[in-house]
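# Inside the fold
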Amino acid sequence: MNKTAENIIVGISIGDLNGIGSEVVLKTFEDARMLEFCTPVIFANVKIVSFLKKSIESTSSIHGIDKLDQIVLGKINVYNLWREGVDLNLGTNDDKVGEYAIKSFVAATKALKEGIVDVLVTAPINKYNIQSDSFKFPGHTDYLAQELEGDALMLMVNDNLRVGLLTDHVPLNEVAGHLTEELIKKKIETVKQTLIKDFSINKPKIAVLGLNPHCGDGGVIGSEDDTLLKPTLKKIFDKGTLVFGPFSADSFFGSNHYEKYDAIIATYHDQGLIPFKTLSFGRGVNYTAGLNKIRTSPDHGTAFDIAGKNQADFTSFKEAVYLAIDIYKSRMQHEEVSSNPLKSKEKQL
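Worth saying up front: this structure is predicted, and the values here are computed from it rather than measured.

### Considering the domain arrangement of the protein chain
A common measure of how large an interface is: the accessible area buried when the components associate. By domain assignment, the protein chain separates into domain 1 (1–151 + 289–337) and domain 2 (160–282). Here domain 1 and domain 2 have C-alpha centroids that lie 30 Å from each other. Counting from both sides, the interface comprises 14 residues of domain 1 and, opposite them, 13 residues of domain 2. Interface of domain 1 and domain 2: buried area, both sides summed, is about 1,100 Å²; carbon and sulfur atoms make up 53% of it. Broken down residue by residue, the surface that domain 1 buries against domain 2 is led by Asp151, Asp299 and His334, which jointly contribute 42%. At the junction of domain 1 with domain 2, the criterion picks out one salt bridge. Among the ionic pairs, Arg331 bridges to Asp198, the shortest N-O distance being 2.7 Å. Put simply, domain 1 and domain 2 have five residue pairs in polar contact (both at pLDDT 80 or more) between them. Looking at the side of domain 1 that touches domain 2, the elements with two or more residues in it are strand E11 (285–291) and helix H10 (315–339). When residues of the side of domain 1 that touches domain 2 are assigned to their parent elements, the largest contribution, eight residues, is made by H10. Classifying every residue of the side of domain 1 that touches domain 2 gives three nonpolar, seven polar and four charged.

Structure (structure tokens):
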């Protein structure tokens, strides 16, 4: 099938049903024009989605299906993944509800692997209530890394601002021990290939932030920047990758230095996500780069405090849908050009 416009199938895992996931999903597709860009498939249950729809007075029109081969293009499909009722108490943390969040996510991931859906957009989960004997992962990314091919990397995206991480959900006192030459090379290559294939940037420029304050000040505040990061980045640069740094993290964003680069790689979670969310909160997208399939999510959590109150801002989820579609199209174009270099040459002429 030639994938254009509405026949791009977007699989959606419903997230924590007691949170704002269903609200941001339904609000995103209240605008009928969204269905001109893609066809959503929500992995949940049509009765419970109808209940949640009424609770926020959503005008979205949903279409229930019992099998994935019944997907109707141009409609908001809700796949009846389970039949039983689920007791909800909006705004509360519930282990039982967490089980359904993971049931939705696992089924949506399976459909992604099998090519039934083209991309996956995940609504927020609660990392505490999803843990079980069958699911022992800190979150979405770790499970996707197991199930899909490639090297997963969290990449936060808002327009031309892209922030990746050398380490993600690692305790701060363990970060330095995780940093190795091999890891740094692998992560930078993943970001480089992502920028080329997924964002159509032929010669990407990548900045790397230093681990220690002021990049260690010549070893006065830690030696890792001088002994590990600098020589590793030089090796990578000398082989043709436009990577620069390490840069002192405290002034990098405040001075707008980040605008000179196609991506920034932070050494640990908060070093990258605090400035990103300060600049982009409510509009940013979490993209799992480096895998053979596409997954995005909004940049916020379950927001139990406003669940069911019709107050959730759906901008980030909507941007996650847009980005997933854009990356899907970029990959298709990259594959077409790569498989037919003569055609690419003709376009340049």
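### Looking at the pairing of strand E10 (residues 263–266)
Neither face of E10 is open: one carries Ala263 and Ile265, the other Ile264 and Ala266, and all of them are buried. Two elements, strand E7 (residues 161–165) and E10, share three bridges in a ladder whose sense is parallel. In the strand pairing of E10, Val163 is matched with Ile264. With three bridges joining them, strand E8 (residues 205–209) and E10 adopt parallel strand pairing. The partner of Val208 across the bridge, within E10, is Ile265.

### Comments concerning the pattern of salt bridges
Going through the model one piece at a time under the given rule, you end up with twelve salt bridges. Its salt-bridge partner being Glu23, residue Lys27 comes within 2.7 Å of it at the nearest N-O pair. Placement of the pair is Lys27 and Glu23 together in helix H1 (residues 21–28), with a separation of four residues, close to one helical turn. Like Lys27, the residue Glu23 is buried in the burial classification. Across the pair Lys185 and Glu181 runs a salt bridge whose closest N-O atoms are separated by 2.8 Å.

### So, the environment of Asp66
With respect to the helices, strands and loops of the structure, Asp66 is situated in the loop between strand E3 (62–65) and strand E4 (76–80). For the pair Asp66 and Asn45, spaced 21 residues apart in sequence, the C-alpha to C-alpha distance is 9.4 Å. Apart from residues lying up to four places away in sequence, Asp66 is in contact with Tyr79, Asn80 and Arg83. Among the polar contacts made by the side chain of Asp66, one reaches the side chain of Asn80 at a distance of 3.0 Å.

### Some thoughts on the sheet that holds E8
On the basis of which strands lie adjacent, the open sheet formed by twelve strands has the order E3-E4-E2-E1-E5-E12-E11-E6-E7-E10-E8-E9 and mixed pairing. Edge strands, defined here as strands with exactly one partner in the open sheet, are E3 and strand E9 (242–247). Taken over all neighbouring pairs, the strand axes of this sheet differ in orientation by 25 degrees on average, direction set aside. Bridging between E8 and E9 involves four bridges; their strand directions are parallel. Bridge pairing links Ala207 to Phe244 in E9. Packing against the sheet, helix H4 (residues 140–147) makes contact with strand E5 (119–122), strand E6 (150–158), E11 and strand E12 (294–298), and its axis sits at approximately 20 degrees to E11.

Parameters at a glance
- Residues numbered from 1 in each chain as written.
- Predicted model: local features only at pLDDT ≥ 70, side-chain atom pairs only at ≥ 80, totals over all residues.
- Heavy atoms only, no water.
- Domains from an automatic or database assignment.
- Contact = heavy atoms within 4.5 Å.
- Buried area = accessible area lost by both parts, 1.4 Å probe.
- Salt bridge = Lys/Arg side-chain N within 4 Å of Asp/Glu carboxyl O.
- Polar contact = N/O pair within 3.5 Å; in protein donor to acceptor, adjacent residues only side chain to side chain.
- Helix = DSSP H or I, 4+ residues; strand = E, 2+ residues; numbered from the N terminus.
- Nonpolar A, V, L, I, M, F, W, Y, C, P; charged D, E, K, R; others polar.
- Buried < 20%, exposed > 50% of the residue type's maximum accessible area, 1.4 Å probe, protein only.
- Pairing = 2+ DSSP bridges.
- Axes fitted to C-alpha atoms, helices over the stretch in contact; angles between N-to-C directions.

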